Amino acid sequence: MFEKVLIANRGEIALRIHRACREMGIKTVAVHSTADANAMNVRLADETVCIGPPPARASYLNIAAIISAAAITGADAIHPGIGFLSENPDFAALVEEHGFVFIGPSPEHIRLMGDKVRAKEEARRLGIPTVPGSPEALSDFAAAAETARNVGYPVLLKASAGGGGRGMKLARNEAELARLLPLAQAEARAAFADEAVYLERYLERPRHIEVQLLGDGDGAVIHLGERDCSLQRSHQKLLEETPSPALGEASRQRLLTLAVNAMKRLGYKSAGTMEFLYQDGEFFFIEMNTRLQVEHTISEMVSGVDLVREQIRIAAGERLALGQSDIALRGHAIECRINAENPEDFRPSPGRIGDYHVPGGLGIRVDSAAYQGYDVPPYYDSLIAKLIVHGATRDECLMRLARALDEYVIGGIETTLPLHQRLVGNADFRRGDYHIHWLEDFLGRGR
Ligand code: MV4
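## Comments concerning the domain arrangement of the protein
- Domain boundaries in the protein define domain 1 (4-103), domain 2 (141-201) and domain 3 (207-446).
- For domain 1 and domain 3, the distance between their C-alpha centres works out to 23 Å.
- The partner domain 3 presents 29 residues to the 34 residues of domain 1 that form the contact.
- Summing both partners gives a buried area of about 2400 Å² for domain 1 against domain 3, and 60% of it is carried by carbon and sulfur.
- The largest contributions to the domain 1 side of the interface with domain 3 come from Glu 12, Arg 16 and Glu 87, which together make up 27% of the buried area.
- Where domain 1 touches domain 3, the interface holds five salt bridges.
- Glu 87 serves as the salt-bridge partner of Arg 291, at 2.7 Å between the closest nitrogen and oxygen.
- Across the contact surface, domain 1 and domain 3 share 11 residue pairs in polar contact (both at pLDDT 80 or more).
- Taken together, the elements giving at least two residues each to the side of domain 1 that touches domain 3 come down to α1 (11-23), α2 (40-44) and β5 (101-102).
- For the side of domain 1 that touches domain 3, the element with the most residues is α1, which contributes 10 residues.
- Of the residues that constitute the side of domain 1 that touches domain 3, the class distribution is 18 nonpolar, eight polar and eight charged.

This is the structure we're talking about:
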């Protein structure tokens, strides 16, 4: 097992990884920008290295500084966390070339899934349903129009090098397709230096359901159930839950088995998530994330498995300690993302946290690096805390969540706490009756 792990990230996720290391008896190195010198994860780490000024480009994305920090401190391995360098295959390869272990999948799997067209092709090859559309990048308008006629309008244009929804365009008929195809290509070239675009049938009101997977790279793969991530705005998730209130037991098992079998055939290593759209009883693969995710916590709550510990064990060359039959998914869990943002217009609200009181009690978990007097810096993602609630049933989970939200006090800055309070009182949400566009309507109604 590793003696020392460098955590190439910040905030709550850096602290989350530190906690797993500490429990495993592994020393931690925190790297940080000058803006994060007083952060909780930095205070708790065994060693710290300042890697640059506040802009992420100069610090958390500064590959040379991070690898130098690992060399200077004698770390054995680097955990990239979430965002930043976590899905950069060149970083993963470079870490290994310099003699450190990258705590994550192989650079090849990161690269494969980072190319959305290749990922979709691979998914199909592995027997996973994908949204009907063009098998590869569209060569010209004639090819696009023919594909669109075959799959049926409306169609969605997607940048091959994109992901996360950037550069998507919706065409409801052939005239719109003619107008939007060159636009989509130009935008893709500007954003990704690659003008390749493909198209798919547009699903109007799907749910976003993802499967949490864990593989050892030798063909052993387990799942920790699915998560429903449909409550989002502008591709920013607000709240996630497991199990999905939309799925019956038969569809759930079909989805989970499909995903596990595919990852076994791929020989996938580490934690990963397969994302699907679900509509009218059908699942369609959209993307795979080759990293830990923010919402991994709810899968941990229902499974009892520490995903970061498993990532570390797998990276250190150990086999999966658990088989699928060792895992019981119990009860229901919900995560609320607490952002330092205005809860109506979502403008960032950095600044000093005044009063701070965290909820507690049975079934409550708070993952956060925030504390009273902490200055939320303006330079990074606005996520400052995750409130995670577990209950034996969804109803119990909802009761507990409402209670915990009422207890949570974060003074001095604006947060999304009031929005979550409004959401848990909503009848559609309480019935589990929502889809990926539902939150936008809900927010519109609140004004
Ligand atoms: C779609 C879609 C509807 N139809 N594909 C957005 C991000 C990218 N990962 C895939 N996305 C979508 N692809 C087809 N054929 C709708 C979305 C989409 C979406 C998906 C998941 C979560 C939130 C979303 C918000 C808007 C659009």
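So, next bit.
## Remarks on the sheet that holds strand β12 (residues 269-279)
- Read from one edge of the open sheet, eight strands run β13-β12-β9-β10-β11-β14-β19-β17, paired in antiparallel fashion. Only two strands of the sheet have a single partner each, and these edge strands are β13 (282-289) and β17 (364-368). Strand-to-strand twist in this sheet, taken as the mean axis angle between neighbours without regard to direction, amounts to 25 degrees.
- Bridging between β17 and strand β19 (residues 383-391) involves five bridges; their strand directions are antiparallel. Looking across to β19, one finds that Arg 365 is bridged to Ile 388.
- Across the sheet, α1 touches β17 and β19, and the angle it forms with β17 is around 115 degrees.
- Across the face of the sheet, helix α15 (residues 438-445) comes into contact with β10 (221-233) and β11 (236-242) while running at roughly 35 degrees to β10.

## Observations concerning the site of the ligand
- Around the ligand sit 17 residues, and of these Lys 158, Glu 200, Arg 201, Leu 203 and Glu 287 come closest.
- At a separation of 2.9 Å, a nitrogen atom of the ligand approaches a polar side-chain atom of Glu 200.
- At the level of secondary structure, the elements contributing two or more residues to the shell around the ligand comprise β6 (155-159), β8 (197-201) and β13.
- Across the shell around the ligand, the residue classes break down as eight nonpolar, five polar and four charged.
- The residue makeup of the shell around the ligand includes at least three contributed by each of domain 2 (141-201) and domain 3 (207-446).

## Notes on unusual backbone geometry
- With an omega dihedral of -5 degrees, the bond running from Tyr 153 to Pro 154 counts as a cis peptide bond.
- Of note, Pro 154 is situated in the loop between α7 (141-151) and β6.
- With an omega of -5 degrees, the peptide bond running from Thr 242 to Pro 243 counts as cis.
- Counting through the fold element by element, Pro 243 comes out in the loop between β11 and α9 (249-266).
- At Phe 84, a position not held by glycine, the phi torsion is positive, near 40 degrees.
- Checked against the element boundaries, Phe 84 lands in the loop between β4 (77-79) and α4 (89-97).
- Phe 84 sits in the partly exposed class, given a relative accessible area of 29%.

## Some thoughts on helix α10 (residues 296-303)
- α10 sits mainly inside the fold: seven of its eight residues count as buried.
- For α10, the full list of buried residues reads His 296, Thr 297, Ile 298, Ser 299, Glu 300, Val 302 and Ser 303.
- Remark: Gly 304 follows α10 within two positions and exhibits a positive phi of approximately 75 degrees.

## Some words on the pairing of β8
- Most of β8 is tucked away, with four of its five residues classed as buried.
- The pairing of β6 with β8 spans five bridges and is classified as antiparallel. Bridge pairing in β8 places Leu 156 opposite Glu 200.

## A look at the side chain of Thr 147
- In this fold, Thr 147 is placed in helix α7.
- Since its relative accessible area comes to 16%, Thr 147 is described here as buried.
- Here Thr 147 is in contact with Gly 133, Ser 134, Leu 138 and Leu 199, once residues within four sequence places are set aside.

## Some remarks on the pattern of salt bridges
- Taken as a whole and assessed by the stated rule, the structure comprises 38 salt bridges.
- Taking the shortest distance from any N to any O, the salt bridge between Glu 174 and Arg 149 comes out at 2.9 Å. You can see Glu 174 sitting in helix α8 (residues 174-192) and its partner Arg 149 sitting in helix α7, a full 25 residues away along the chain.
- Three or more residues are tied together by salt bridges with common partners; here these are Glu 210, Arg 227, Lys 237, Glu 240, Glu 295, Glu 335 and Arg 337.

The rules behind these values
Residues numbered from 1 in each chain as written. Predicted model: local features only at pLDDT ≥ 70, side-chain atom pairs only at ≥ 80, totals over all residues. Heavy atoms only, no water. Domains from an automatic or database assignment. Contact = heavy atoms within 4.5 Å. Buried area = accessible area lost by both parts, 1.4 Å probe. Salt bridge = Lys/Arg side-chain N within 4 Å of Asp/Glu carboxyl O. Polar contact = N/O pair within 3.5 Å; in protein donor to acceptor, adjacent residues only side chain to side chain. Helix = DSSP H or I, 4+ residues; strand = E, 2+ residues; numbered from the N terminus. Nonpolar A, V, L, I, M, F, W, Y, C, P; charged D, E, K, R; others polar. Pairing = 2+ DSSP bridges. Axes fitted to C-alpha atoms, helices over the stretch in contact; angles between N-to-C directions. Near = heavy atom within 4 Å. Buried < 20%, exposed > 50% of the residue type's maximum accessible area, 1.4 Å probe, protein only.

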